[in-house]
Each structure stands twice: as structure tokens, then as C-alpha cells.
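Here is how the chains run, residue by residue.
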Amino acid sequence: MVCLVAGFMTLLDVSIVNVALPSMQRGLGASAAELSWVVSGYALTFGLVLVSSGRLGDDRGRKKMFLISLALFTITSAVAGFSVDPTMLVVARLLQGAAGGMLNPQIIGVIQQLFSGRERGRAFGLFGAVIGVSTAVGPLLGGLLLEWTGEAEGWRWVFYVNVPVGIVALLLGLWWLPTDETATAERRPLDVVGAILLGGAVVALMLPLVLSEQDFAGAPWWLVGVAVLLGLLFVAWERRAKRTHGHPLVNFGLLRTRSYAMGTALGLLYFAGFTSIFFVLTLFLQQGRQFTPLEAGLALTPFAVGSAVSSAVGGRLISRLGKPLIVGGLVTVVVGLVATDVVLRLDPASVGWAIALPLLVAGIGGGLVIAPNQTLALEEVPAREGGTAAGVLQTGQRIGSAIGISAVGAVFFSTLASSRGDWASSISRGLVITVGLVVLALLVGIADLVAGRFSRRTPVPDDGSGPDAGSGPDPTDDAREDDPVEESGPAVVGKVVRAEDGEPVPGAVLTLVDETGHQAARAEGDPQGAFRLAPPHAGSYQLVARAQGRAPDVGRVAVSEHASAYDVVLGPAAEDHVVRTVR
């Protein structure tokens, strides 16, 4: 609950500020450029620190980083509310964004650390609901605050509202979050150069994107070339860090894990379409249809309601249904957005009521995408790398959001100018780009689904890691219970069985993942459920088990210098993973 409240605050501040911009302009005398930095500055610094702060949480303790980040976010929220001039407000927003970016990877890292199996899916489902609701409900809450506190000074309460919530979350975090167990001897050296290069690349890429929301042609697009150069330098430096001390900022081995790489790509493309929905619809309703901030927020509420409900449900279903759930969610989003476009083309008199049902459908689909995709993307990531992996994943989402808003905004405003104020045509073309971005995410999801099914059908080569590999006896029940395991070298042998009756699960796919995120061994179970995994050396590994009709799960096993016998027990309804030592 503490993590969800903190995550809601930081993500809410991305969207809630938009409706208060006119109030800020009147209250502080801010220029258009300064107002742009109030919005874009938060997004910039938020994305800047995600990866490096995720790594800090992994190495120095997630509870410590969570509390420090939450305290900074609460303080900077108060400073923003107390601002006496536009410069003070912009600086406060920059610092607030950095604090929010520091906080979010700790939330996902804590979920990755504390939960597994069905419970992790539920936790990510709730966090996905927070993401969807905070993005969609921001304009509504902002409108309510302005209605209650007045237009003149109402914008200050957009920031003040974080202060009491942040204080309560800090006290609960001190009490409820588990104590950090990171020992000083286990701390890895911080890759400062890598953090600077990656931060520079992210800023150079996002700066022209966020500035293009106001002036597409005037944005410093040459910085994209700088971002590419810094990105290449970052990759080269990280490879050098891997060779020299073995502790780079980002473990590129994670990107060789298909579920993580495809999940990151899907998240980037989906967020490009997801966040641009609210950008163009808010502009259309407030400026094109003269809705008040409160009315515009209420019109977007069906999306938030649908997303909140389906996120919680999706978190429960993802371990049972897998990637088809995400693909189905993306199809539902596309259907809802196309229906929204069709309704707006008809130019109804009561536009808010007319788009309620299509937005509800799109929200239901969105809830089946964000949390389930996050769950599967991090499924094979070692808990030690959870914060860093979450930072990379969320950086992709922030970049996707900036790309989507830039592209959709450019089409929207250019159409509005060329059509001499035809808002219906402008919103329609903007939604076409939004749908196109979600379709790209859908294609990535379909490709991942097909690749996963193909890999399950492809026989595992006899490289010494298959179920029949090795010179020792077949690892059946009798052999394991009555005779010593004779295979030489580090190995895990055993059977995959059903939790409800102990019967074997044939054709299961099992993978050992080492501490760096690399695949150490992979095998398919035989018709009797038997398997043998032979990693290159002894150590602690994460064992990932999947089977048709069974709940995929992750457990940790200690592999000795000699073959060890283990049974993997999987339940049909995403029951907790159990590893039972037989010998």
C-alpha cells in the first residue's frame, strides 16, 4: 500500500499540473516558455535518474532509497506550492521530477523482491491500476482542486496535496517496509561515468521531444544526434566496465532475455500512444469545446475506471493466460480508440457522454496491458537486478510518452492551423496517430507471442543440458530416491509435477538464470516430467519453470559441484512455486 500511494503521487504529477497552467500564469505572471518548463522539466528529470537510482536501490538498499526519495518529493512539492515567482517554480519542478524518478524504480524493485508467482502478478496488477488511474484522473483532480480553492491561488494546492500524503507514506514506510540487507562487502562499485553518459543521452533525446509540444519546428532536433553519440559511448563504456570490474550500470545481458527485451519495446510503444490520448483529448475538450478543467476531467474518467478495474483483474490472470492476455488488451484498446474517433467525427452535441463508452472500452484494454506486460517483462530478471531493470523499463516508457506526445501534437496543431480552427478534423488526425502507435505495440506483442510458441515447439539441442543429457542414469523418481545421483559436475535434476496430485507435467520448459541475468542452462522436460539442467559452474540461480496449462513461476536454487535432485511443483491456478529437495 505504501508503494502504491507513493507511485500514485509521482505519476499523478505528470498530468495534474496541465489543468492548473492558466491559474499559474495569472498568479505568477509566468510566460508561455516558463509554463512549458513547469510541465516538461518534470518529465525530463524524472526520466534522467530512473536507471541510476534503480541501481542505487539494488546496491545500497531499496528501503533507504525509497524513504530518501519520498522525503525529497514531499519537500519539493511544498517548495513548488510556496513558489513566489516562475523561476522558483521551474526549479522546484525540476527537483520534484528527479525525486519522482528516484522513487519509482524502488517501488518496482520492492514488489520484485517481496512477491513471487500469483502474488507478484496481483501486486503488479495494483501498480498497473495506479499508473492508469493516475494518468487519467489527473485532470479531474486538478479541476476539483481549482473549483474548491479558487482560480487565483488554486494551482498551489495541486502541489500542497502531496505534502500530508507524503508524510503519512514516510511514516508507514519506516514501519512496514522490510529492512535492507545489503552488506557493505556485497556492494558493487558505482558506475559514475556510465550514469553521466546515459543521463546525457536521455536528456538530449527527450529535450527536443518535450519542447516540440509547444513549437515542433523550433525544437532543438540536432540534440537527437548528440543522444545517439552519447548512447554509443555509453554502450562502449559499459562493455569496458564489464571487462574491467564486472559491474556496469546496466547489465546488457538482460536484453538477451526475450521476455524483458520485448516487454520493454512493447511498453515504449504503448506508452507513446497511451499518454498522447489524454494530451489531445484534453486540448480538444477544453479549447475546442470550452469544457472547464473539471468537466474535461470528468469526460476522461471512464478510461480511468475501466483501467483500474481491469488492471486488478489482469494482475490475477496474467500468470494463467500469459502473453495472449496482453495481446487481447491491445486489441481492445485499438477498438476503443477507433470507436472514439468515429464518435468524434460525427460531432455529437453532448460529446462528453458520447465518448464515455468508447473510452471505457479503451481503458479496460489498457488495464490488461500495463501491469501484465510489466509482470512478464520482469519475470526472468533476478531480484538483485530488479531496480535497475525497472529503471530501464520505465525510461523506455518515459521516452515513449515524449515521442507520442511530440508526434501526435505535431499532427494535431498542424491540422488545426491548416484547417483554420477545425477542431473535429484535428482531433481525428491526432487519434489516428495514437491508434497507429498502439497498433505497433500490438505487432510487437504478436511477434513475442509467436516467437514464444515457436521456441516451445523447437526441440532443445542435445548440448548436455537436456533431460536425457549426460552419462548418468535417467533422473526418474526411483533413481533419485533409491540411488545416488551419478552425473558429474554441477547440475539440477528432477521432475516437474502437478501440485494437486503429484502427477508429472510433460514438456515443461526450465531455465536457470544467473546473478547477471544471463541464461545459464535451459532444458525441456520429458513425457514423465524429468529434466536435467547443467550450468557452467556451481552457485545460486533463479529457476524459471513454464508449462502449458500451468502457472509459470520463478524460484531460487543452490547448485553444488555435484548433481542435486529437486522437484518443481506447479499449480494450475498460479499457486506459489515450491522447490522440494528430494535427497
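Scroll up to find the structure.
To keep things clear, this report deals only with the structure shown in the data block. Within every chain, residues take consecutive numbers counted from 1 along the sequence as written. Restriction of local features to residues with pLDDT of at least 70 applies here, the model being predicted, together with a cutoff of 80 or more for giving and counting side-chain atom pairs; totals for whole chains, interfaces and linings are based on all residues. Hydrogen atoms and water are omitted, and side-chain values are computed over all heavy atoms in the structure.

## Focus: the overall build of the chain
Secondary structure elements are taken from DSSP: a helix is a run of H or I of four residues or more, a strand is a run of E of two residues or more, and numbering for both begins at the N terminus. Along its length, the chain carries 20 helices and eight strands. Out of the 583 residues in the chain, the part that is buried amounts to 57%. By sequence separation, contacts in the chain at least 24 residues apart represent 75% of the contacts at least 6 residues apart. Put simply, the chain shows about 23000 Å² of open surface, and 65% of that area lies on carbon and sulfur atoms. Between buried and exposed lies partly exposed: a residue is buried under 20% and exposed over 50% of the maximum accessible area for its type, with that area taken using a 1.4 Å probe on protein chains only. Two residues qualify as a contact provided that any one of their heavy atoms is within 4.5 Å of a heavy atom in the partner residue. Using a 1.4 Å probe, the Shrake-Rupley method yields the accessible areas, and only the shown protein chains count as cover for residues.

## Looking at the pattern of salt bridges
Salt bridge criterion: a side-chain nitrogen from Lys or Arg within 4 Å of a carboxyl oxygen from Asp or Glu. Scanning the entire structure with this criterion turns up seven salt bridges. Between Asp341 and Arg345 there is a salt bridge, with its nearest N and O atoms 3.3 Å apart. With a gap of four residues between them, Asp341 and Arg345 both fall in helix 14 (residues 323–345), about one helical turn apart. Classification of Arg345 by relative accessible area gives exposed; the value is 55%.

## Quick look at the environment of Leu281
Position of Leu281 among the secondary structure elements: in helix 12 (residues 258–288). Judged by its relative accessible area of 1%, Leu281 is buried. In this structure, the C-alpha to C-alpha distance between Leu281 and Ile427, residues 146 residues apart in sequence, is 7.2 Å. Setting aside anything within four residues of it in sequence, one finds Leu281 in contact with Leu300, Leu344, Leu359 and Ile427.

## Notes on the packing of aromatic side chains
For Phe, Tyr and Trp, rings pair up if their centres lie within 6.5 Å, where Trp contributes its six-membered ring, and each pair is then called stacked (planes under 30 degrees apart), edge-to-face (over 60) or tilted (otherwise). Inspection of the entire model under this criterion finds eleven aromatic pairs. Between Phe82 and Tyr160, the ring centres sit 5.4 Å apart and the planes meet at 65 degrees, which makes this aromatic pair edge-to-face. Here Phe82, found in the loop between helix 5 (62–81) and helix 6 (86–114), pairs with Tyr160, found in helix 8 (residues 154–160); they are 78 residues apart in sequence, far enough to count as distant. Judged by centre distance (6.3 Å) and plane angle (90 degrees), the ring pair of Tyr270 and Phe271 falls under edge-to-face. Relative accessible area serves as the criterion here: at 3%, Phe271 is assigned to the buried category.

## A closer look at the sheet that holds strand 2 (residues 509–513)
In this analysis, strands are considered paired if DSSP registers two or more bridges between them. Judged by pairing direction, the sheet is antiparallel, and its four strands sit side by side in the order 3-2-5-6 without closing on themselves. A strand with exactly one partner marks an edge of an open sheet, and here the two such strands are strand 3 (519–524) and strand 6 (553–559). Geometrically, the sheet is characterised by an average inter-axis angle of 25 degrees between neighbouring strands, direction not taken into account. Sheet topology note: the strand 2/strand 3 ladder contains five bridges and is antiparallel. Residue pairing in the sheet places Thr511 in a bridge with Arg522 of strand 3. To get an axis, fit a line to the C-alpha atoms, keeping to the stretch in contact for a helix; angles then go from 0 to 180 degrees between the N-to-C directions.

## Looking at the nonpolar core
Residue types Ala, Val, Leu, Ile, Met, Phe, Trp, Tyr and Cys, when buried and joined through side-chain atoms within 4.5 Å, form a set referred to as a nonpolar core. Among the nonpolar cores identified, the biggest contains 84 residues, and Phe66, Ile107, Tyr270, Leu330, Leu344 and Ile427 are the most heavily contacted of them. Among the elements that make up this core, the one with the highest residue count is helix 12 (15 residues). In this structure Ile107 touches Cys3, Ala6, Gly7, Phe66 and Phe127, once residues within four positions along its chain are discounted. Residues Ile16, Ala20, Leu35 and Leu145 belong to the second largest nonpolar core, which totals 23 residues.

## Digging into the environment of Val369
Residue placement: Val369 occurs in the loop between helix 16 (356–367) and helix 17 (370–377). Its relative accessible area of 1% is what places Val369 among the buried residues. Between the C-alpha atom of Val369 and that of Val327, which follows or precedes it by 42 residues, the distance is 7.8 Å.

## Some points on a nonpolar patch on the surface
The patches described consist of residues with a relative accessible area above 30% and no salt bridge, like charges being joined within 9 Å and nonpolar side chains (Val, Leu, Ile, Met, Phe, Trp, Tyr) within 5 Å. On the surface, Met1, Val168, Leu172, Trp175 and Trp176 cluster together to form a nonpolar patch covering roughly 650 Å² of accessible area. Along the chain, Trp175 falls in helix 9 (residues 162–176).

## What to know about the environment of Leu325
Mapped onto the elements of the fold, Leu325 is located in helix 14. For Leu325, a relative accessible area of 10% translates into the label buried. Leu325 sits 43 residues away from Leu368 along the chain, and the two C-alpha atoms are 6.7 Å apart. In this view, Leu325 contacts Gly314, Leu317, Ile318, Leu368 and Pro372; residues no more than four positions away in its chain are not counted.

## Quick notes on the pairing of strand 5 (residues 539–546)
Sheet topology places strand 2 next to strand 5; five bridges connect them, and they run antiparallel. Following the sheet pairing, Val513 is matched in strand 5 by Gln542. Summarising the sheet, strand 5 and strand 6 pair through seven bridges and their orientation is antiparallel. Of the residues in strand 6, the one forming a bridge with Gln542 is Arg556.

## What about helix 11 (residues 223–244)?
Taking 1.5 Å per residue as the helical rise, helix 11 with its 22 residues ought to reach 32 Å, and the 31 Å between its terminal C-alpha atoms agrees with that figure. Of the residues making up helix 11, those classed as buried are Leu223, Ala227, Leu230, Phe234, Glu238 and Ala241. For helix 11, the angular spread of buried residues about the axis comes to 80 degrees, placing them on one side. Opposite the packed face of helix 11, turned more than 90 degrees from it, sit the exposed residues Leu229, Leu232, Arg239 and Arg243. Considering only its buried residues, helix 11 is in contact with helix 10 (192–211). Positive backbone phi, approximately 75 degrees, marks Gly246, located one or two places after helix 11. Helix span, expected: 1.5 Å multiplied by one less than the number of residues in the helix. By arc we mean the arc of the directions from the helix axis to the C-beta atoms, nothing more.

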